[in-house]
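Observations on chain architecture
So you can see what is in the structure, the chains are spelled out below.
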Amino acid sequence: MPDTELPIFPAPGAPVPDFDMPASRNRRVSLAGMRGRPFILYFYPKASTPGCTTEACGFQEALNALGSTGIPVIGVSRDAMKAIDKFADAQALDFPLASDTTGAVTEAYGVWGEKSLYGRTYMGVERATFLIDAQGRLVQAWRKVKVPGHVAEVMKAAGAA
């Protein structure tokens, strides 16, 4: 029987897809702007929901440890900037949360797809995290992330644990 799991996209060692998006606190984030330093790019389904809040707060708590390794964090959702700014302010998040309202970035990273909840099927953002090196190549990807313990796992892979 063939394997029905989708391959990790992009493959480790491959260049990651380009991005340029507006972000919280009137910032912009882009792959070009991150060149020369490794970073964490994580995708979350919806601002101000319990799982997304827990994950964002986990990354916020990890910023000091990640900062000591020079690794910034960028969160991405398809929410509008108004919702993202409200979320970032409510949780006092220092790292940028980016808005991909067109869906171009979530699709390029392969995290937009069919989901199901309580028997209902819908399209949505898969919770996923990508550790990217200073040259814009994928180091490691975490797909279909479960929030408990995830930030610690990413920190360990990034050398900040």
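So, here's what we can say about the structure. (Residues numbered from 1 in each chain as written. Predicted model: local features only at pLDDT ≥ 70, side-chain atom pairs only at ≥ 80, totals over all residues. Heavy atoms only, no water.)

With that out of the way, let us pick up helix 3 (residues 81-90). Among the residues of helix 3, Ile84, Phe87 and Ala88 are the ones counted as buried. Taken around the axis of helix 3, the buried residues stretch over an arc of 95°, which confines them to a single face. Away from its buried face by more than 90 degrees, helix 3 exposes Lys82, Lys86, Asp89 and Ala90. The elements touched by buried residues of helix 3 are helix 2 (50-68), strand 4 (73-77) and strand 5 (97-99). Directly beyond the C-terminal end of helix 3, a positive phi value near 50° is found at Ala92. (Buried < 20%, exposed > 50% of the residue type's maximum accessible area, 1.4 Å probe, protein only. Helix = DSSP H or I, 4+ residues; strand = E, 2+ residues; numbered from the N terminus. Arc of directions from axis to C-beta. Contact = heavy atoms within 4.5 Å.)

Consecutive side chains of a regular strand alternate in pointing toward one face of the sheet and then the other. In terms of strand pairing, strand 8 (residues 128-132) meets strand 9 (residues 138-142) through four bridges, oriented antiparallel. Residue pairing in the sheet places Leu131 in a bridge with Gln140 of strand 9. Taking the residues between adjacent antiparallel strands as the criterion, strand 8 and strand 9 are bridged by five residues, where Gly136 takes a positive phi near 80°. (Pairing = 2+ DSSP bridges.)

On to the pattern of salt bridges. When the charged atoms of two side chains with opposite charge come close together, those side chains can pair. Under the defined criterion, the tally for this structure stands at seven salt bridges. Arg127 is paired through a salt bridge with Glu55; the nearest N and O atoms lie 2.7 Å apart. Placement of the pair is Arg127 in the loop between strand 7 (120-125) and strand 8 and Glu55 in helix 2, with a sequence separation of 72 residues. By the burial criterion, Arg127 is buried, and Glu55 matches it. (Salt bridge = Lys/Arg side-chain N within 4 Å of Asp/Glu carboxyl O.)

Right, let's get into the nonpolar core. Residues Ile40, Tyr42, Tyr44, Phe59, Val73, Phe95 and Leu97 are the most contacted members of the largest nonpolar core, which totals 25 residues. Mapped by element, the contributors of at least two residues to this core are strand 3 (39-43), helix 2, helix 3 and helix 5 (150-157). Looking at this core element by element, the count peaks at six residues for helix 2. Discounting chain neighbours no more than four positions away, the residues touching Tyr44 are Cys52, Glu55, Gly75, Val76, Ser77, Asp79, Ile84, Phe87, Leu97, Val125 and Arg127. (Core = buried A, V, L, I, M, F, W, Y, C linked by side-chain atoms within 4.5 Å.)

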